[in-house]
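# Breakdown of the fold
Below are the chains, spelled out letter by letter.
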Amino acid sequence: RSSHFLPISCSFSTAAVGEASQKGLLIWGEGKNGKLGLGDSDRQDYPCILESDSFGGESLRSIKCGADNTAAITESGKLYMWGSNKNGLLGTEIEADYKDTPHFMEAFRNIPVAKVEFGDAAAIVLTEAGQLYSWGWGGGFMTAGCLGHGNWESKKDPTLIEFFNDIKVLDVAVGGYHASAVVEGGNVFSWGKGAYGRLGVGSSSDQHTPTQIPFFEFQPAKSVTAGDTFCSVITESGSVYSWGANDSLQLGIGPSITLDVQSMESDPRHIKGINFDVKEALKVEAGNNHGLCLVKDTDLNRTEVYEWGAHRSAAARLVETLDDVYGVAKDTESLYDFNIIDISAGKNFAAAVAETGEMFTWGDSRCLGVGEKVWVKSPIMFAQREEFEFPKIVKVSCGKEHIAALFEM
């Protein structure tokens, strides 16, 4: 077993000046289907360390938590995945229902990976060369898939999405049976299940081939994120636009004005309650039905974290409501003295990382690091405990019921 609880005596060395620091992985939460990678399916209420030999001794560049899977990308672009193998997400070389330790994805041995995204039944990889590969469940009679190959056929192996052969992809996001990609030049394409307008193309029709969202021809995008039934984009000007289901106010625009029975927007809408004249969006994250945004106040030269949507009901907010009309909230105390550099949104919870290495969690979950399921409205800092000491955190990813964090070794 390649993991252990992080002991108080554990030493974390500091890299010499000019030397890149080695980054390791902490992980905790629900362990079903081995998604913690610790060699079993047990729950861990406190962080465990996944040793670097699980990744060929390499330092890690990024991590991604899905509903039932976890992935890590090394500095050289190698992809490791573990957890559920439903719909063949771990590749054809794995025949078991799940893998409870990190598994090297052989299909990308000679293809450096930049990003990996999990959907409800599929995975999509963005390579360093700007190409997309997808595999998993392709769709069925009642529900569309999001593989993007021009049909609803499932794929057992990572398969190149040929639509983007002549277009460099800059970012990709996968939600519940839908996907969106930002390409060079700022255009956005989406495909998959179209219900609730989650594709942003002005309708709720399914699309088995990437389809351009006309809006971003005039507002070039630079990054995208996807929730269960909605998407959000950061434009090159630093603003945020959202589309899709809005039944929990997850679009950040307040209640939708629509003639449809559903509360939804099938075209991108500008986030309300944040003054983007003096604030620039640095990162936007989507949970199941809530949004999270890290912004920089250019006047005050400091970061702020905003949140909108709901976790348990339309009335539940993680932080005190800033704007009652649009439902956009900002934490004004817990994070005020910290320069936040990363954020992530899970199913019912969220996390933030400070430049100085502190990590904050909040929401309704057993993943908050307090040993039990609690409802925490405002961000709380991970504290030192007798069982372990917390190293300097640099990145975080929240899944449905688990968290992974990169730390400096």
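Residues numbered from 1 in each chain as written. Predicted model: local features only at pLDDT ≥ 70, side-chain atom pairs only at ≥ 80, totals over all residues. Heavy atoms only, no water.

What follows covers the sheet that holds strand β15 (residues 207-212). With respect to topology, four strands assemble into an open sheet ordered β12-β13-β14-β15, the strand pairing being antiparallel. Strands at the two margins of the open sheet, each flanked by one partner only, are β12 (169-174) and β15. Between one strand and the next, the sheet's axes are offset by a mean angle of 15°, whatever the strand orientation. (Pairing = 2+ DSSP bridges. Helix = DSSP H or I, 4+ residues; strand = E, 2+ residues; numbered from the N terminus. Axes fitted to C-alpha atoms, helices over the stretch in contact; angles between N-to-C directions.)

This part takes up the side chain of Asn85. Within the secondary structure, Asn85 is located in the loop between β6 (79-84) and β7 (98-104). The exposure class of Asn85 is buried, given its relative accessible area of 10%. With sequence-adjacent residues up to four places away left out, Asn85 is seen in contact with Leu90, Gly91, Ile94, Glu95, Ala96, Asp97 and Tyr98. (Buried < 20%, exposed > 50% of the residue type's maximum accessible area, 1.4 Å probe, protein only. Contact = heavy atoms within 4.5 Å.)

Let us now look at the layout of surface pockets. Quantified by volume, the largest pocket comes out at close to 1000 Å³. Surrounding the largest pocket, 47 residues form its lining, Lys64, Lys115, Glu117, Glu285 and Ser397 being those nearest its centre. Elements supplying a minimum of two residues to the lining of the largest pocket: β4 (60-65), β8 (113-118), β12, β16 (221-226), β20 (279-286), β25 (340-345) and β29 (393-398). Taken together, the residues of the lining of the largest pocket sort by class into 20 nonpolar, 14 polar and 13 charged. (1 Å grid on protein atoms, 1.4 Å probe; cavity = no way out; pocket = protein on both sides within 12 Å on 5 of 7 lines; lining within 4 Å. Points joined across faces, edges and corners; volume = space filled by probe spheres on them. Nonpolar A, V, L, I, M, F, W, Y, C, P; charged D, E, K, R; others polar.)

For Asp297, the location among the structural elements is in strand β21 (residues 290-297). With 17 residues separating them along the chain, Asp297 and Glu280 place their C-alpha atoms 6.6 Å apart. When residues no more than four places from it in sequence are discounted, the contact partners of Asp297 are Val278, Lys279, Arg302 and Glu304. A polar contact of 2.9 Å, which involves the side chain of Asp297, links it to the backbone nitrogen of Asp299. (Polar contact = N/O pair within 3.5 Å; in protein donor to acceptor, adjacent residues only side chain to side chain.)

Okay, the sheet that holds strand β10 (residues 132-136) next. With antiparallel pairing, the four strands of this open sheet are ordered in space as β8-β9-β10-β11. Of all strands in the sheet, those with a lone pairing partner are β8 and β11 (155-160), marking the two edges. Each adjacent strand pair in this sheet contributes to an overall mean axis angle of 15°, direction not counted. Bridge count for β8 against strand β9 (residues 122-127) is five bridges, and the pairing is antiparallel. Following the sheet pairing, Lys115 is matched in β9 by Leu126.

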